[in-house]
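If you want the building blocks of each chain, they are given just below.
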Amino acid sequence: MSRTVFCRKHQKELEGLNFPPMPGAKGQDIYENISKQAWEEWQHEQTMLINEKHLSLMDPNTRKYLQAQMERFFNNEPFDKAEGYVPPEK
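What to know about helix α3 (residues 60–74)
Between its first and last C-alpha atoms α3 spans 21 Å; for 15 residues at 1.5 Å apiece the expected length is 21 Å, and the two agree. Between a side-chain oxygen at the N-terminus of α3 and the backbone nitrogen of N61 the separation is 2.9 Å; the capping residue is D59. N76 sits one or two positions beyond α3 and adopts a positive phi of about 55°.

Printed below as a string of structure tokens:
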């Protein structure tokens, strides 16, 4: 049976991650409080931010920016979205 967590983003019990996604206390916090679904949603948002804003992950300020946006995303606070992105019509 898969591990479940009470997801901070979705405010309900959902399947948890299989392992912490990053080292340290931040990774442990995500592992214990963020669902696999919310993590995958953040990965999608993060990729769009990196691509649309032409961010370089070599830049320490970019990593700090993405970390702050991730916190806001998981806490259901307003976060930067990729400008110019138009979702495909269904």
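Next comes the rest of the account.
Topic: the layout of surface pockets
The computed volume of the largest pocket comes to approximately 170 Å³. Taken together, M22, W39, W42, Q43, Q46, L57, R63, L66, Q67 and M70 make up the lining of the largest pocket. Listed by contribution, the elements that provide at least two residues to the lining of the largest pocket are α2 (36–52) and α3. Its residues assigned to classes, the lining of the largest pocket comprises 6 nonpolar, 3 polar and 1 charged.

Thresholds applied
- Residues numbered from 1 in each chain as written.
- Predicted model: local features only at pLDDT ≥ 70, side-chain atom pairs only at ≥ 80, totals over all residues.
- Heavy atoms only, no water.
- Helix = DSSP H or I, 4+ residues; strand = E, 2+ residues; numbered from the N terminus.
- Expected span 1.5 Å × (residues − 1).
- Polar contact = N/O pair within 3.5 Å; in protein donor to acceptor, adjacent residues only side chain to side chain.
- 1 Å grid on protein atoms, 1.4 Å probe; cavity = no way out; pocket = protein on both sides within 12 Å on 5 of 7 lines; lining within 4 Å.
- Points joined across faces, edges and corners; volume = space filled by probe spheres on them.
- Nonpolar A, V, L, I, M, F, W, Y, C, P; charged D, E, K, R; others polar.

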